[in-house]
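Next come the chains, spelled out residue by residue.
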Amino acid sequence: MATIYDIAKKTGFSITTVSKVLNNYSDVSDKTRKKIIEAVNEVGYYPNSNARTLTTKKSWSLGVVFVEDSGKGIEHPFFSAVIESFKKSVEKSGYDLLFASNRIGHEEKSYLDHFLYRGVDGVVVVCSILNDPDVEKLVQSNIPTVVIDLDSPESSVVYSDNYYGSELAVDHLYSLGHRKIAHIHGDKNEFAGVHRLEGYIKAMNKHGLSLKDEHIVDGGYFSFLGGQEAMKALLKCVDRPTAVYVAGDFMALGAINEIQKAQLKVPEDISVIGFDDIQMSKYMSPALTTIRQDTELIGKTAANLLIEQINDKKKRAMSVKIPVSLIERDSCKPLKNN
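All of the points below concern the structure found in this document.

Reading the values: the criteria
- Residues numbered from 1 in each chain as written.
- Predicted model: local features only at pLDDT ≥ 70, side-chain atom pairs only at ≥ 80, totals over all residues.
- Heavy atoms only, no water.
- Phe/Tyr/Trp six-rings, centres within 6.5 Å; stacked < 30°, edge-to-face > 60°.
- Helix = DSSP H or I, 4+ residues; strand = E, 2+ residues; numbered from the N terminus.
- Buried < 20%, exposed > 50% of the residue type's maximum accessible area, 1.4 Å probe, protein only.
- Lys NZ or Arg CZ within 6 Å of the ring centre and 35° of its normal.
- Pairing = 2+ DSSP bridges.
- Axes fitted to C-alpha atoms, helices over the stretch in contact; angles between N-to-C directions.
- Expected span 1.5 Å × (residues − 1).
- Parallel < 35°, antiparallel > 145°, perpendicular 65-115°, else oblique.
- Left-handed = near helix turned anticlockwise from the far one by under 90°.
- Contact = heavy atoms within 4.5 Å.
- Nonpolar A, V, L, I, M, F, W, Y, C, P; charged D, E, K, R; others polar.

### Concerning the packing of aromatic side chains
In this structure the tally under the stated criterion is six aromatic pairs. Ring geometry for tryptophan 60 versus tyrosine 95: centroids 4.9 Å apart, planes at 40 degrees, classification tilted. A residue pair is termed long-range when its members are at least 10 positions apart, and tryptophan 60 in the loop between α4 (49-56) and β1 (61-67) and tyrosine 95 in the loop between α5 (77-91) and β2 (96-99) qualify at 35 residues. Note on accessibility: tryptophan 60 and tyrosine 95 belong to one class, buried. Measuring from ring centre to ring centre gives 6.5 Å for phenylalanine 66 and phenylalanine 99, while their planes differ by 0 degrees; the resulting arrangement is stacked. Here phenylalanine 66 is found in strand β1, whereas its partner phenylalanine 99 is found in strand β2, with 33 residues between them in sequence. The exposure class assigned to phenylalanine 99 is partly exposed, which follows from its relative accessible area of 40%. Here a set of aromatic residues connected by ring pairs shows up, and it is made of Phe66, Phe78, Phe79 and Phe99. The ring of tyrosine 174 carries arginine 179 above its face, with NZ or CZ at 3.7 Å from the centroid. In this structure, arginine 196 packs its charged tip against the face of phenylalanine 275, placed 3.7 Å from the ring centre.

### Section: the sheet that holds strand β13 (residues 319-322)
Sheet strands pair by backbone hydrogen bonding; their relative direction is either parallel or antiparallel. Strand order in the open sheet formed by six strands is β2-β1-β5-β6-β7-β13, with parallel pairing between adjacent strands. One side of each edge strand has no neighbouring strand; the edge strands of this open sheet are β2 and β13. Going across the sheet, the axis of each strand differs from the next one's by a mean of 20 degrees, ignoring polarity. Bridging between strand β7 (residues 156-160) and β13 involves four bridges; their strand directions are parallel. For valine 158, the partnering residue across the bridge sits in β13 and is valine 320.

### So, helix α9 (residues 191-206)
Taking 1.5 Å per residue, 16 residues should reach 22 Å; α9 reaches 23 Å between its end C-alpha atoms and fits that length. All of the buried residues in α9 are Phe191, Ala192, Gly193, Val194, His195, Arg196, Leu197, Gly199, Tyr200, Ala203 and Met204. Phi turns positive, to about 70 degrees, at glycine 208, one or two residues after α9.

### Details of the packing of helix α1 (residues 4-11) against helix α3 (residues 30-43)
Close contact between α1 and α3 brings their axes to 10 Å; oriented N to C, the two are set at 120 degrees. Judged on the interaxial angle alone, α3 and α1 are oblique. The chirality of how α1 crosses α3 is right-handed. Mapping the contact onto sequence places Ile7, Lys10 and Thr11 in α1 and Lys35, Ile36, Ala39, Val40, Glu42 and Val43 in α3. Taken together, the residues of the contact of α1 with α3 sort by class into five nonpolar, one polar and three charged.

### Overview of the environment of isoleucine 270
You can see isoleucine 270 is positioned in the loop between α11 (249-261) and β11 (271-276). The spatial distance from the C-alpha of isoleucine 270 to the C-alpha of histidine 178 is 9.8 Å, given a sequence separation of 92 residues. Residue contacts for isoleucine 270: discarding those within four places in its chain leaves Met231, Leu235, Arg240, Pro241, Thr242, Ala243, Val244, Ile259, Leu264, Lys265 and Ser331.

Dropping the structure here:
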């Protein structure tokens, strides 16, 4: 097996210079880096992880935690897209991902205990639940952390602009002539659910539209079934809404399914707009108008914030709000006879 000494001998550079290239140090010229990387590929060199850890004082592993109540975890298209972007970004810097478990052997452990045991360099937390005690314990520790989809004064955080997203949704429906705009919101224990509901209320007030209690329905944990059940309630309203802003695409799909089961049409009878822009949204019938979260930018931003903390050996608490955008498709149309 080739060693670092073989690379040094082949290129004529010192072991220190070769080591700097292998460990992604910046104080090496591009020409030198290129020559060393070519030699690495030619001889088939694979760095020993234990030796690398001893040299750099890093484990080169990052912890990943999912905390949400839908039960989908990484299967959820939003979460999986964000983590894929995060993974691609940190891999470029030489890091591997370690997904959390609340058990070590046969003992239950907190996330903090787990990652201290594993010796990770930092942790990314994808969390939508407010005030989770295990997450709070983790972000209050000295381990560099970045939290996605939640706000925290004790950690770096990255999240979409939920307020503005709700405003975009209501503005779009208002521009189409709708005045009876209902809202299916997410669970009030979830960060996105709370902020999107508050954004909806603010946008309705901005346009001077009536906020009726019967038009604001809890869709639960952003599920298809939650959207169905919430839409059932809206369809029973005496003053039925002409449009519905749904706080998540999965719920929106459930709402559309329920509307169609009631022998009504989307958007002819009721316009529907979602939030997320999951991949299936553009393939359903009708294709869903929605608010797009930039999952690639969220993941990349979280990766950069975490690696900066690790490299600087200093934990930071800063907040980055990622812009959202309106994606117009076929599930909304102008209201007739307005």
